[in-house]
Amino acid sequence: MGRAPSVQRQHRGRDHVHAVIRLRGFLNARGPGHRPGPRVVSARRVCESNLLRRWLALGVSRAGCSRWWGFGKPSLHIWLGDGKGAFSAVEPTWTDIGYAALATGDINHDGFADVVAASHLGGVQTLLSDGRGGFTEKILKREDGYVAAQLADVNGDGHLDLILVGYQTAGIEVYLGDGMGNWTLHKALPETRPGRTMPGRALAVGDLNHDGHVDLVAAFQRWGLYIYYGDGRGGFTGGPVEFYPESREFESVVLADVNKDGHADIVMNGTFLGRDQPSGPDVYLGDGRGGWKASSDGLKVLKFPSAGIAVGDLDGDGNLDIVAGGNVTGPVPSGYGLFWFRGDGKGGWHLVREKESGLPTSGLPIIHGVTLADLDRDGVPQIIALSGSPRGYITIWKQRHGPRRRPS
């Protein structure tokens, strides 16, 4: 995928897993009204709440079982997975700092996944896990709120550092970690601001140029996409890039090697050029040297995109696919759906029709977040989506028979 070894990504092992999956939006208590198709058998609700905007993270314990972190009133909620797809809630004992962007990783090197919650209201909460559902809490007070968070070692000292994207004025903030859950502000980007405010939207981290160092990709409303290349010592060079469409309404960013050339590519959702223009995810193929080439043919089939997007191999053919939220009918009352775009491993895409995928193409509240994870450890990724309305829900779609491998 073109990433530095220190960057958080989902994987399993005897110890902990560094997995950061961020879902944002409105949770809803009512069911999605989804009728399973031939390949997807269920859309299971795993939590409910009525808070207007919150975030969810997924990690894995040292036993290899998934854990959910999600925001709902009155505070952060954590569900422990049993490795079979079921979850049980942890009794909250931590301070309520409001809804927040979440990141998980082993901050203090004890083998357990810890949690950072960067509040939309300004506080940065660190919860160091004891591996049994207990946490030691530390809170850093800040002025601006936050919309995205990632953990990665940006200066090569072996400790996870914290990268945040601000809600209004903070831009990108890089905090150095000491391995004990304490953070020191190291750098704020961009150094020259394009305007008084920089409303943040999304953040991804990875090794874009194969130098072994962590690079940053951040999306801002109105100000577009910014890319910064790390030097492995905590320094960054870069700035705004202009290889994307005129729209500045980016909602989500993912890094993945979709054409199998060994270079990280950028996958985005949320761009909208107008009611009379086709919409959908955008893909830009990286060359590992700072060059980017559009590769979005087959993706522009939506009327309205949403924030939700995920990348993974759903059909077991060895090629990465895209799952994105959006509206395909035009009238907003018809609701939103989930759309599976099958990748050919060369940067080409083909929409898998509802009859084959079993995913609902309408009738859902707006999709605010999508991720893929193997929650029951059967080797087949499930689709986890966060839908929104005045109340809300998280749903899981599981394939009936597992991926059907396509001939090469």
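Calculation notes
- Residues numbered from 1 in each chain as written.
- Predicted model: local features only at pLDDT ≥ 70, side-chain atom pairs only at ≥ 80, totals over all residues.
- Heavy atoms only, no water.
- Salt bridge = Lys/Arg side-chain N within 4 Å of Asp/Glu carboxyl O.
- Helix = DSSP H or I, 4+ residues; strand = E, 2+ residues; numbered from the N terminus.
- Buried < 20%, exposed > 50% of the residue type's maximum accessible area, 1.4 Å probe, protein only.
- Pairing = 2+ DSSP bridges.
- Axes fitted to C-alpha atoms, helices over the stretch in contact; angles between N-to-C directions.
- Phe/Tyr/Trp six-rings, centres within 6.5 Å; stacked < 30°, edge-to-face > 60°.
- Lys NZ or Arg CZ within 6 Å of the ring centre and 35° of its normal.
- Contact = heavy atoms within 4.5 Å.
- Polar contact = N/O pair within 3.5 Å; in protein donor to acceptor, adjacent residues only side chain to side chain.
- Core = buried A, V, L, I, M, F, W, Y, C linked by side-chain atoms within 4.5 Å.

Undergrad: Honestly, the pattern of salt bridges in this entry has me stumped. Any pointers?
TA: Pairing between side chains of opposite charge can happen when their charged atoms approach one another. In this structure the tally under the stated criterion is nine salt bridges. Residue Glu173 pairs with Arg142 through a salt bridge whose shortest N-O separation is 3.6 Å. Of the two residues, Glu173 is situated in strand S13 (residues 172-177) and Arg142 in the loop between strand S10 (135-141) and strand S11 (146-152); the sequence distance between them amounts to 31 residues. Of the charged contacts in the structure, one is a salt bridge between Lys300 and Asp282, with a shortest N-O distance of 2.8 Å.

Undergrad: I keep staring at unusual backbone geometry and nothing clicks. Help me out?
TA: Excluding glycine, residues mostly have negative phi values, and the peptide bonds linking residues are mostly trans. Residue Pro190 is bonded to the preceding Leu189 through a cis peptide linkage, with omega at -10°. Assignment of secondary structure puts Pro190 in the loop between strand S14 (183-189) and strand S15 (200-206). Positive phi is not limited to glycine here, since Arg222 has a value of about 75°. Arg222 gets classed as partly exposed once you look at its relative accessible area, which sits at 43%.

Undergrad: Just to check I follow, could you spell out the sheet that holds S13 for this structure?
TA: Sheets are built from strands paired through backbone hydrogen bonds, the pairs being either parallel or antiparallel. The sheet built from four strands is open, its strands ordered S11-S12-S13-S14 with antiparallel pairing. Sheet topology places S11 and S14 at the edges, where each strand pairs with a single neighbour. Adjacent strand axes in the sheet meet at a mean angle of 20° when their direction is disregarded. Bridge count between S13 and S14: six bridges; the pairing is antiparallel. In the strand pairing of S14, Leu176 is matched with Thr184.

Undergrad: What is the right way to look at the packing of aromatic side chains in this model?
TA: Describing an aromatic ring pair means giving the distance of the ring centres and the angle of the ring planes. If you walk through the whole model with that rule in mind, you get three aromatic pairs. For the ring pair Trp94 and Phe135, a centre distance of 5.6 Å and an interplane angle of 90° mean the geometry is edge-to-face. On the criterion of sequence distance, the pair formed by Trp94 in the loop between strand S6 (87-90) and strand S7 (100-105) and Phe135 in strand S10 is long-range, its members being 41 residues apart. Summarising the burial analysis for this pair, Trp94 and Phe135 share the class buried. Here a set of aromatic residues connected by ring pairs shows up, and it is made of Phe220, Tyr226 and Tyr228. A cation sits over an aromatic face here: Arg342 above Trp340, 4.9 Å from the ring centre.

Undergrad: Which parts of the structure should I look at to understand the environment of His109?
TA: Looking at where His109 falls in the secondary structure, it is placed in the loop between S7 and strand S8 (114-119). By relative accessible area, which is 43% here, His109 ends up partly exposed. Leaving out residues up to four positions away in the same chain, His109 has contacts with Gly158, His159 and Gly179.

Undergrad: Explanation requested: the environment of Gly177 in the structure shown.
TA: Topologically, Gly177 is positioned in strand S13. Each C-alpha atom, one on Gly177 and one on Ala152, is 9.6 Å from the other, the two residues being 25 residues apart in sequence.

Undergrad: Which parts of the structure should I look at to understand the environment of Arg193?
TA: Relative to the helices and strands, Arg193 is located in the loop between S14 and S15. In this structure, the C-alpha to C-alpha distance between Arg193 and Thr169, residues 24 residues apart in sequence, is 9.4 Å. Those residues in contact with Arg193, other than ones at most four positions away along the chain, are Thr169, Ala170, Gly171, Ala188 and Met198. From its side chain, Arg193 meets the backbone oxygen of Thr169 in a polar contact 2.7 Å long.

Undergrad: What exactly am I supposed to notice about the sheet that holds S7 here?
TA: Pairing is antiparallel in the open sheet, where four strands are placed in the order S7-S8-S9-S10. Both outer strands of the open sheet, S7 and S10, are each paired with one neighbouring strand and no more. On average, each strand axis in the sheet is inclined to that of its neighbour by 15°, with strand direction left out of account. Bridge analysis of S8 against strand S9 (residues 123-129) gives four bridges, and the strand direction is antiparallel. Across the sheet, Ala118 pairs through a bridge with Val124, a residue of S9.

Undergrad: Please clarify how the nonpolar core should be interpreted in this entry.
TA: General note: in soluble globular proteins, nonpolar side chains tend to be found buried as a group. Among the nonpolar cores identified, the biggest contains 19 residues, and Ile163, Val165, Ile172, Leu216, Phe220, Tyr228 and Phe236 are the most heavily contacted of them. Put simply, the parts of the chain that give this core at least two residues each are S11, strand S12 (161-166), S13, S15, strand S16 (215-220) and strand S17 (224-230). Each residue touching Leu216, except ones within four places of it in the same chain, is listed here: Ile163, Ile172, Val174, Leu189, Ala204, Val205, Tyr226, Ile227, Tyr228 and Phe236. Tyr336, Leu338, Trp340 and Ile383 belong to the second largest nonpolar core, which has 17 residues in total.

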